[in-house]
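# Summary of structural features
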Amino acid sequence: MAPTANAAPSSSPSSMPPKTSQKTASAPSKANKKKATPKKPIPVPEKLKRLFTSLCAQIDGGHFANAIKTCDKILRLEPGDEDAMKTKLFLLLQTEQYQAALTLIDTHEEKALLNFERSYSLYRLHREAEARDILADIRAKDNEDRGALHLEAQLNYREGSYQAAFDLYNQLLDTAESNSEEQSDILTNLQASQQHLDFLNKGFLQALDQLPNAVSANLESQPPPVVSTAPTTIASTSSPDDAQKQAQPAVKKVRKSRVPAGVIPGVTPPPDPERWLKKSERSTFGQGKRRKGAGGGATQGSATTEPTPGPIAPGGSKSSGGKGRKKR
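Quick caveat, the model's predicted, so the values are computed rather than measured.

### Re the packing of helix α8 (residues 162-175) against helix α9 (residues 181-209)
Helix packing geometry: the angle between the two helix axes and the distance between the axes. Two elements in contact, α8 and α9, have axes separated by 9 Å at closest approach and are oriented at 150°. By the angle between their axes, α8 is roughly antiparallel relative to α9. With respect to the hand of their crossing, α8 and α9 are arranged in left-handed fashion. Here Tyr 162, Gln 163, Ala 165, Phe 166, Tyr 169, Asn 170, Leu 172 and Leu 173 of α8 come into contact with α9, specifically with Gln 183, Ile 186, Leu 187, Asn 189, Leu 190, Ser 193, Gln 194, His 196, Leu 197 and Leu 200. Class assignment for the residues of the contact of α8 with α9 results in 11 nonpolar, 7 polar and no charged.

### Focus on the packing of aromatic side chains
Applying the stated criterion across every chain yields a total of 3 aromatic pairs. Ring plane angle 75° and centroid distance 6.2 Å describe the contact between Tyr 98 and Tyr 120, whose orientation is recorded as edge-to-face. Here Tyr 120 lies in helix α5 (residues 115-124) and Tyr 98 lies in helix α4 (residues 98-106), a separation of 22 residues in the sequence. With relative accessibility at 8%, the residue Tyr 98 sits in the buried group. By relative accessible area, which is 24% here, Tyr 120 ends up partly exposed. With a centroid separation of 6.4 Å and an interplanar angle of 40°, the aromatic rings of Tyr 120 and Tyr 123 are classed as tilted. Of the two residues, Tyr 120 and Tyr 123 are both situated in helix α5; the distance of 3 residues between them amounts to about one turn of the helix. Note on Tyr 123: relative accessible area 9%, which makes it buried.

Basis of the calculations
- Residues numbered from 1 in each chain as written.
- Predicted model: local features only at pLDDT ≥ 70, side-chain atom pairs only at ≥ 80, totals over all residues.
- Heavy atoms only, no water.
- Axes fitted to C-alpha atoms, helices over the stretch in contact; angles between N-to-C directions.
- Helix = DSSP H or I, 4+ residues; strand = E, 2+ residues; numbered from the N terminus.
- Parallel < 35°, antiparallel > 145°, perpendicular 65-115°, else oblique.
- Left-handed = near helix turned anticlockwise from the far one by under 90°.
- Contact = heavy atoms within 4.5 Å.
- Nonpolar A, V, L, I, M, F, W, Y, C, P; charged D, E, K, R; others polar.
- Phe/Tyr/Trp six-rings, centres within 6.5 Å; stacked < 30°, edge-to-face > 60°.
- Buried < 20%, exposed > 50% of the residue type's maximum accessible area, 1.4 Å probe, protein only.

Following this line, the structure appears as structure tokens:
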């Protein structure tokens with residue numbers, strides 16, 4: 001009887017339990033993404049508030065060019081803003097853009113309110129007649145307008161009416177606040193007007209007294225000079241010396257390119273004209289040289305001395321070199 005053995009479990013893949021599949025979390029699709037919420041536009045009042053804050057900082061820092069650009073931004077948002085318009089006008093006058101200031105005044109609804117600024121711009125553009133007409137309208141409405149008084153005094157000073165300018169500055173000085181910047185400016189302008197008046201009244205007389213009598217008498221007797229617009233031709237008077245100078249031929253200057261290096265025309269001596277001849281043919285040949293074989297020669301006034309014999313040695317031989325005679 002055959003022995004029975006327990007059967008081992010089969011290891012075939014069909015007998016293995018099924019694996020549980022773990023699904024990885026997939027990334028959210030584009031459709032499930034949340035859309036970014038757009039920023040809400042800043043309301044106009046908030047923009048104006050920020051722009052006015054920047055404008056104040058720019059004016060305090062002296063950045064007038066950027067401040068003008070900020071005023072333009074404000075006026076684009078609020079075209080009728082009176083503060084921005086007046087601030088821009090002030091900045092244009094500070095930066096000496098007077099023509100642009102006049103253009104801005106023309107766009108204002110009530111131009112009469114800006115008559116002083118218009119008159120000042122015209123004065124700075126040297127359009128004095130138009131500026132004076134506007135000043136007359138301002139003075140007719142308010143005779144004590146200090147800005148108009150200052151501007152009229154400056155107009156009188158520029159046109160040479162120093163007495164009128166002097167009177168206006170005195171009027172302003174009486175009502176100016178003490179130790180103020182306005183008082184300092186008035187005193188400076190008053191002093192300048194006084195100096196011109198002093199010269200016109202007595203200063204020129206003192207200057208005439210210092211001139212020689214012949215010159216002052218000639219000035220007082222002659223009529224004032226007349227300014228002529230036609231071109232005048234002045235006849236040239238030539239003296240004999242000038243004629244001789246013109247008759248003499250002009251000295252031809254040596255071109256620097258033809259002058260050798262190290263040679264200064266008129267200072268360096270000219271080269272030797274015999275430099276192309278042989279030395280034996282030159283006129284200076286043999287001068288200042290010794291002749292060969294002359295033994296040194298004798299110059300004029302020199303004396304030659306004969307050599308004295310030396311002492312004779314015993315035996316009749318001299319002490320000079322050489323062989324002596326043999327003794328017998």
